[in-house]
Amino acid sequence: MQEIIGQAPIFIGGAPRSGTTLLRAIVNTSKGIVCGPESRIVPALAALSSQIEQLHMPVLERQYGLDADMLHQRFASTINGFLAPLQAQSGCRIAEKTPANILHFTQLRRLFPGSPLVGIVRDGRDVVASLLTMDWRDARTGQPLAITRDPAAAARLWVESVEAGAAMREDPNYFELRYEALVRHPRDMIAGLFAFLGEDSDAIEAALDHASTFNPASGANESSNDRVAQPIDTRSIGRWRAALDASQHDCVMRIAGPALSRLGYV
């Protein structure tokens, strides 16, 4: 499988509003990595490859001589093709951040056996509180997305995301951060992340000052740009206490309570 500039691309994911854009800004400060605005292409192609593999492999193998490894190579080549122009422009290793990547990390591992996978986890109550402030709409219908109006839908997406990350924890090339630890102890957390990615420790200082180089006008698909353009702080930890009413909180706890407990949030 041909990988960009001899190195497997890095894939970053997490539940929406978990800090993935902050991670993008941090990683993008490295001189050896470029992480552009989220494309949303990677999870779509990973999902399609998984669907084909699950439903159509017998026909592809019997009638077209295409086995699973060949299918993986073709989808990996397609994803690399979308990433290649940014790599050519920057001359750096590619990292791609789309929150939904985490839902497809298992399939991305099949497509890219050598890719570092980076997941971020945030208190699900804060994630839901943040999602309910978003004005995200279905591009096909123009209607608000359920996760921005229904705390149950938002909580289910958070659970699905953290469980997808948990399924990768035995993978030696998977690295998981907690949002709360990142903003409370940024130096230590960034040092661990950069060590995992093989970046020099001298890149940490630039990452700690990511706000001085981050362009908030970048990333039409990202809603956190203005927030990420500010220095790292802890203001968003525990926002659910003021943002969720009692019925919303009860709804979140019914759905996400077990996962929140396992992760030590409650």
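Everything here concerns the structure above.
All of the points below concern the structure found in this document. Just so you know, these numbers come straight off a predicted model, no measurement behind them. (Residues numbered from 1 in each chain as written. Predicted model: local features only at pLDDT ≥ 70, side-chain atom pairs only at ≥ 80, totals over all residues. Heavy atoms only, no water.)

1. Details of the overall build of the protein
Tallying secondary structure elements over the protein gives 12 helices and five strands in all. Computed over the C-alpha atoms, the radius of gyration of the protein is 19 Å, within 12% of the 18 Å expected from 2.2 N^0.38 for a compact globule of 266 residues. By its C-alpha atoms, the protein is 60 × 45 × 35 Å across when sized along the principal axes. Across the 266 residues of the protein, 50% fall into the buried class. Of the accessible surface of the protein, which amounts to about 12,500 Å², a share of 51% is contributed by carbon and sulfur atoms. Side-chain charges in the protein split into 26 positive and 29 negative, and the spacing between the mean points of these groups amounts to 5 Å. (Helix = DSSP H or I, 4+ residues; strand = E, 2+ residues; numbered from the N terminus. Rg over C-alpha atoms; globule rule 2.2 N^0.38 Å. Buried < 20%, exposed > 50% of the residue type's maximum accessible area, 1.4 Å probe, protein only. Areas by Shrake-Rupley, 256 points an atom, 1.4 Å probe, with all protein chains shown as cover. Lys, Arg positive; Asp, Glu negative; His and termini not counted. Charge placed at Lys NZ, Arg CZ, Asp CG, Glu CD.)

2. Some points on the nonpolar core
For soluble globular proteins, the rule of thumb is that nonpolar side chains tend to be buried together. Ranked by internal contacts, the top residues of the largest apolar core, which has 26 residues, are Ile-12, Leu-23, Val-27, Val-118, Leu-182, Leu-193 and Phe-194. Of all elements in the fold, only β1 (10-14), α1 (20-28), β2 (33-36), β4 (117-121), β5 (174-178), α7 (179-184), α8 (186-197) and α9 (204-208) reach the threshold of two or more residues within this core. At five residues, the largest contribution of residues to this core is made by α1. Setting aside residues up to four positions removed in sequence, Ile-12 forms contacts with Leu-23, Val-27, Cys-35, Ala-95, Glu-96, Lys-97, Thr-98, Asn-101, Phe-105 and Val-118. Formed by 24 residues, the second largest nonpolar core is a distinct cluster that contains Ile-52, Leu-83, Phe-105 and Leu-117. (Core = buried A, V, L, I, M, F, W, Y, C linked by side-chain atoms within 4.5 Å. Contact = heavy atoms within 4.5 Å.)

3. Section: helix α3 (residues 68-90)
When the terminal C-alpha atoms of α3 are compared, their 33 Å separation across 23 residues agrees well with the 33 Å that a helix rising 1.5 Å per residue should span. The largest bend along α3 reaches roughly 40° and is located at Leu-83, with the proline Pro-85 sitting one to four residues downstream. Of the residues making up α3, those classed as buried are Leu-71, His-72, Phe-75, Ala-76, Ile-79, Asn-80, Leu-83 and Gln-87. For α3, the elements touching its buried residues are β1, α2 (41-64), β3 (93-97) and α4 (105-111). Measuring from the backbone nitrogen of Asp-69 back to the side-chain oxygen at the start of α3 gives 3.2 Å, which picks out Asp-67 as the cap. (Expected span 1.5 Å × (residues − 1). Bend = angle between axes of the 7 residues up to and from the residue. Polar contact = N/O pair within 3.5 Å; in protein donor to acceptor, adjacent residues only side chain to side chain.)

4. Regarding the packing of aromatic side chains
Counted according to the given criterion, the structure contains three aromatic pairs. Between Phe-105 and Tyr-174, the aromatic rings sit 6.0 Å apart at their centres with planes inclined by 70°, giving edge-to-face as the arrangement. Pair noted here: Phe-105 is in helix α4 and Tyr-174 is in strand β5, with a separation of 69 residues, a long-range link. Both residues of the pair, Phe-105 and Tyr-174, count as buried. When the centroid spacing of 5.1 Å and the interplanar angle of 25° are considered together, the rings of Phe-175 and Phe-196 count as stacked. Here the residue Phe-175 occupies a position in strand β5, and Phe-196 occupies one in helix α8, the gap between them amounting to 21 residues. A cation over a ring is seen here: Arg-122 above Tyr-179, with NZ or CZ 4.8 Å from the ring centre. (Phe/Tyr/Trp six-rings, centres within 6.5 Å; stacked < 30°, edge-to-face > 60°. Lys NZ or Arg CZ within 6 Å of the ring centre and 35° of its normal.)

5. Describing the pattern of salt bridges
A complete count under the given rule lists 12 salt bridges for this structure. Residue Arg-40 is joined to Glu-38 by a salt bridge in which the shortest nitrogen-to-oxygen separation is 3.1 Å. By relative accessible area, which is 44% here, Arg-40 ends up partly exposed. For Glu-38, a relative accessible area of 9% translates into the label buried. Note that Asp-233 and Arg-227 form a salt bridge whose closest N and O atoms lie 2.6 Å from each other. Since its relative accessible area comes to 27%, Arg-227 is described here as partly exposed. In the salt-bridge network here, residues are joined through shared partners; they are Glu-38, Arg-40 and Lys-97. (Salt bridge = Lys/Arg side-chain N within 4 Å of Asp/Glu carboxyl O.)

6. Brief notes about the layout of surface pockets
Quantified by volume, the largest pocket comes out at close to 1,100 Å³. Here the lining of the largest pocket takes three residues from α1, the largest share from any one element. Partitioned by chemical class, the residues of the lining of the largest pocket number 20 nonpolar, 13 polar and 12 charged. (1 Å grid on protein atoms, 1.4 Å probe; cavity = no way out; pocket = protein on both sides within 12 Å on 5 of 7 lines; lining within 4 Å. Points joined across faces, edges and corners; volume = space filled by probe spheres on them. Nonpolar A, V, L, I, M, F, W, Y, C, P; charged D, E, K, R; others polar.)

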